[in-house]
Amino acid sequence: MLNIAPHLKLMKKNHGIFIIIICVAAIAITFFSCKEDESNGPQNLLKNDSTILIMGSESEMKLVGFLSSEYLKAHPGIKIELTGGGSAVGIEALINNRAHIANTSRAITNEEMKQAKANGVNPMQLIIAMDAISIITNPKVGIDSLSLDQLSGLFSGKIKNWKEVGGADQAVIVIGRNDNSGSYHYLLDHLRIESYATGSRVKAGNKEIVEEVSKQAGAIGYVNLGSIYDDEEKPCKTVWVASVYVTGGQAYSPYQMEFVRNGEYPLTRPLYQYINAPVSGNVESLLRYELTAVIQTHLHEIGYFPITSIYKTINKKNGF
């Protein structure tokens, strides 16, 4: 079993952004905080892809950390620097030539595309994995499953007490991300709500959401599935992972891989990487490696899922 959990324990937080430096000499991932230097910063490093800079989605940190560490075992001589901060941060970095690859859990917007073109950047999309947005609650809430309609009410603030949906007599406390997060926007769009409940608590990353929900009675949050696996890649026991259903339909758990892959779990999404096309050299080599069958078949071990045939077709149209 492929496992990067021991390295993930070393992650540290710096102003809400995680930095992972993957060191080839040790074939390991080391996490640390850093500050760009004007003379030796990413703008110069982009000219030499012996150091690949990847920035963006917090939901993809564990995924891309795993993909990168596996790639480096077979491709010594390069270095990969992986930074989080949210999908918008990654796209902004790509637009401004501060990253080779942008990790995003949402598609690039028309406005971002215009900004990129104006800056001489040609963003090209690659779909690298499938993900399940997981709805987590504090175990004291006492709810087994929730419909999309109920989730809409809970996250928008229309439902203020858990007893309104059959749970405990407790106030609903919404815990989520800021608007740099692709997950933040995904749930707004998918639940068809304009904004999250007044007083919602904002956390820097998925792990912080899991920690807060586990401590706060009445709490509900949203994270990617990989975030609720513990260091041994077993489901987290400190929060309850709700099954989700469309009103009148069957409830599915994000742990049910078959139903995530075929889209029956209703909060399934693709995960993207964007590059400045055309791409070549080590960056292209890494991207192609990520899509190999031997790698894709192991993604479920860390809480992600292989891409489906329709996304393979989309990648093929983009040369992958």
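The paragraphs below set out a description of the structure included in this document.

Analysis parameters
- Residues numbered from 1 in each chain as written.
- Predicted model: local features only at pLDDT ≥ 70, side-chain atom pairs only at ≥ 80, totals over all residues.
- Heavy atoms only, no water.
- Buried < 20%, exposed > 50% of the residue type's maximum accessible area, 1.4 Å probe, protein only.
- Helix = DSSP H or I, 4+ residues; strand = E, 2+ residues; numbered from the N terminus.
- Arc of directions from axis to C-beta.
- Lys, Arg positive; Asp, Glu negative; His and termini not counted.
- Salt bridge = Lys/Arg side-chain N within 4 Å of Asp/Glu carboxyl O.
- Contact = heavy atoms within 4.5 Å.

Some words on helix H10 (residues 281-290)
Part 1 of the reasoning: Listing the buried residues of H10 in full gives Val283, Leu286, Leu287, Tyr289 and Glu290. Each buried residue of H10 lies within a common arc of 160° when the element is viewed along its axis, so the set occupies one face.

Some thoughts on unusual backbone geometry
Part 1 of the reasoning: Ala277 connects to Pro278 through a cis peptide bond whose omega is 0°.
Part 2 of the reasoning: If you trace the backbone, Pro278 turns up in the loop between strand E13 (268-276) and H10.
Part 3 of the reasoning: Phi is positive for Asn97, which is not a glycine, with a value near 60°.
Part 4 of the reasoning: Looking at the secondary structure, you find Asn97 in the loop between helix H4 (87-95) and strand E5 (101-104).
Part 5 of the reasoning: Among the residues examined, Asn97 registers a relative accessible area of 30% and is labelled partly exposed.
Part 6 of the reasoning: Phi is positive for Arg192, which is not a glycine, with a value near 60°.
Part 7 of the reasoning: Topologically, Arg192 is positioned in the loop between helix H7 (182-191) and strand E9 (201-202).

Remarks on the side chain of Glu290
Part 1 of the reasoning: Assignment of secondary structure puts Glu290 in helix H10.
Part 2 of the reasoning: This buried residue, Glu290, is left without a salt bridge; Arg288 holds the nearest opposite charge, at 11 Å.
Part 3 of the reasoning: The residues touching Glu290, leaving out its near neighbours within four places in the chain, are Leu67, Leu126, Ile128, Gln273, Ile295 and Gln296.

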